[in-house]
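# Fold and geometry: a report
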Amino acid sequence: MDYDDNEGQRKFWNDKPGQSWVTYDGVMNLRLEKITDLLFGAVDGIPASNGLDIGCGTGSTTLKLLELLGEDSKVKGIDISEPMLSKARKKFHDTTSISFIKADAQTFQFLPGYFETVISRFGIMFFDNPVKAFRNIRRAMSPSADLTFVCWASFEKNEFFSLPLEAVASFTGPVKDFEAHAPGPLAFSEIDYVKQVLNSAEFSNIDIKELETSIVTNDTPEEDAEILMNIGFGARALREAELDKSLRSRIYEKFVKNSQDRCLDGLIRYGATINLVKARA
Ligand SMILES: C[S@@+](CC[C@H](N)C(=O)[O-])C[C@H]1O[C@@H](n2cnc3c(N)ncnc32)[C@H](O)[C@@H]1O
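Quick summary incoming for the structure in this document. This structure is a prediction, so every number in the text was calculated from the model and none was measured. (Residues numbered from 1 in each chain as written. Predicted model: local features only at pLDDT ≥ 70, side-chain atom pairs only at ≥ 80, totals over all residues. Heavy atoms only, no water.)

## Considering the overall build of the chain
For the chain, the helix and strand inventory stands at 12 helices and 8 strands. By the compact-globule yardstick of 19 Å for 281 residues, the chain fits well, its C-alpha radius of gyration being 19 Å. Across its three principal directions, the C-alpha atoms of the chain cover 55 × 35 × 35 Å. The contacts of the chain with a sequence gap of at least 6 include a subset with a gap of at least 24, amounting to 80%. Taken as a whole, the chain presents about 13000 Å² of accessible surface, with 49% of it coming from carbon and sulfur. Averaging the locations of the 33 positively and 42 negatively charged side chains of the chain gives two centres separated by 2 Å. (Helix = DSSP H or I, 4+ residues; strand = E, 2+ residues; numbered from the N terminus. Rg over C-alpha atoms; globule rule 2.2 N^0.38 Å. Contact = heavy atoms within 4.5 Å. Areas by Shrake-Rupley, 256 points an atom, 1.4 Å probe, with all protein chains shown as cover. Lys, Arg positive; Asp, Glu negative; His and termini not counted. Charge placed at Lys NZ, Arg CZ, Asp CG, Glu CD.)

Right, dumping it as structure tokens:
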């Protein structure tokens with residue numbers, strides 16, 4: 001297996017962060033429901049075709065892709081995270097039209113021209129060399145096949161990122177700045193940069209829309225705080241700061257308080273903004 005690129009991300013997704021996505025699989029899927037609808041609303045499904053889900057994680061969107069393309073179709077999910085893929089394989093072991101590949105989408109040698117529909121929900125922002133990755137993905141697509149994906153818009157427009165990070169920083173002092181375009185959730189937040197990457201990878205008909213949406217959950221503030229301690233930018237800052245137990249528990253209390261403040265009629269709501277991207281091979 002070729003892991004000469006993306007070594008940092010491979011480690012990341014095979015370690016605690018990947019485990020946390022497995023632990024919170026069900027709740028994360030519920031939280032991302034509105035965004036998933038925006039993604040699949042933009043996919044033109046071709047019946048009886050081959051679909052690919054990049055950075056498929058635990059496979060929930062891979063199943064949705066199969067449902068969209070219909071039962072005579074075959075779909076594959078590709079991911080570098082063993083914990084996430086083993087969860088995916090457990091969930092869908094009896095669905096013969098779904099299979100999973102453990103490999104790096106940037107370098108994996110796909111069958112050329114094989115896929116008619118390619119999607120991703122937040123699985124394409126982690127490449128060390130995005131142009132190389134998207135060239136590789138385009139080669140796997142049949143002529144005129146469509147790629148549709150969602151990625152996060154800027155940090156400031158995503159409260160699910162900014163509120164927990166600000167909460168952690170209020171205890172620890174300023175946290176490390178993000179490097180523009182570095183592999184990570186915000187790598188594709190600038191629309192012009194995404195266009196440039198897809199153009200360089202020779203995609204055509206590139207269409208990118210910034211859409212405001214929200215992440216809504218009926219979890220309790222305590223459950224919400226627990227998730228934010230493990231997933232997202234607050235969790236990352238906590239990991240990097242290596243804080244003692246008592247400071248962690250004060251930060252947890254602050255997360256709970258933030259969630260309580262955002263809770264209305266039993267629902268906690270975070271403003272979110274995504275880029276919905278379509279391009280043709
Ligand atoms: C934010 S998670 C999203 C998972 C899934 N798409 C979802 O929405 O539930 C990002 C996923 O991309 C995967 N990933 C990161 N870099 C990758 C690469 N180079 N090739 C394949 N998968 C990758 C990670 O392992 C992880 O499962």
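## Here we look at the packing of aromatic side chains
The description of an aromatic ring pair uses the distance of the two centres, along with the angle that the planes make with each other. Considering all chains together, one arrives at 21 aromatic pairs under this definition. With 6.3 Å between their ring centres and 40° between their planes, F149 and F188 make a pair best called tilted. Of this pair, F149 sits in strand 5 (residues 141–152) while F188 sits in the loop between helix 8 (159–172) and helix 9 (191–200); the two residues are 39 residues apart in sequence, bridging distant segments of the chain. According to the relative accessible area criterion, F149 is buried, its value standing at 0%. (Phe/Tyr/Trp six-rings, centres within 6.5 Å; stacked < 30°, edge-to-face > 60°. Buried < 20%, exposed > 50% of the residue type's maximum accessible area, 1.4 Å probe, protein only.)

## Remarks on unusual backbone geometry
Glycine aside, residues mostly have negative phi angles, and peptide bonds mostly take the trans form. Located in the positive-phi region is S144, a residue other than glycine, with phi close to 70°. Structurally, the position occupied by S144 is in strand 5.

## Examining the side chain of T217
Note that T217 resides in strand 6 (residues 204–217). Of note is the side chain of T217, whose polar atom sits 2.9 Å from the backbone nitrogen of D219. Aside from chain neighbours lying at most four places away, what touches T217 is R31, D224, G266, L267 and I268. (Polar contact = N/O pair within 3.5 Å; in protein donor to acceptor, adjacent residues only side chain to side chain.)

## Overview of the packing of helix 2 (residues 16–23) against helix 6 (residues 82–91)
It is the contact of helix 2 with helix 6, at a shortest axis distance of 8 Å, that shows an interaxial angle of 25°. One way to sum up the angle between helix 2 and helix 6 is to call them roughly parallel. Across from G18, Q19, W21 and V22 in helix 2, the residues of helix 6 making contact are P83, M84 and K87. Looking at the contact of helix 2 with helix 6, its residues break down into 4 nonpolar, 2 polar and 1 charged. (Axes fitted to C-alpha atoms, helices over the stretch in contact; angles between N-to-C directions. Parallel < 35°, antiparallel > 145°, perpendicular 65-115°, else oblique. Nonpolar A, V, L, I, M, F, W, Y, C, P; charged D, E, K, R; others polar.)

## Concerning the site of the ligand
Surrounding the ligand, one finds 18 residues, the nearest of these being G55, D79, D104, A105 and R121. The backbone of I80 places a nitrogen or oxygen atom 3.5 Å from a nitrogen atom of the ligand. Protein contact buries 97% of the 590 Å² of open area that the ligand shows by itself. Taken together, the residues that form the shell around the ligand break down as 10 nonpolar, 5 polar and 3 charged. (Near = heavy atom within 4 Å.)

## Some details on the pairing of strand 3 (residues 98–102)
Looking at chain direction, strand 2 (residues 74–79) and strand 3 are connected through 5 bridges and run parallel. Across the sheet, residue G77 finds its bridge partner in strand 3, namely F100. (Pairing = 2+ DSSP bridges.)

Keep in mind that these numbers describe shape and distance, not what the molecule does.
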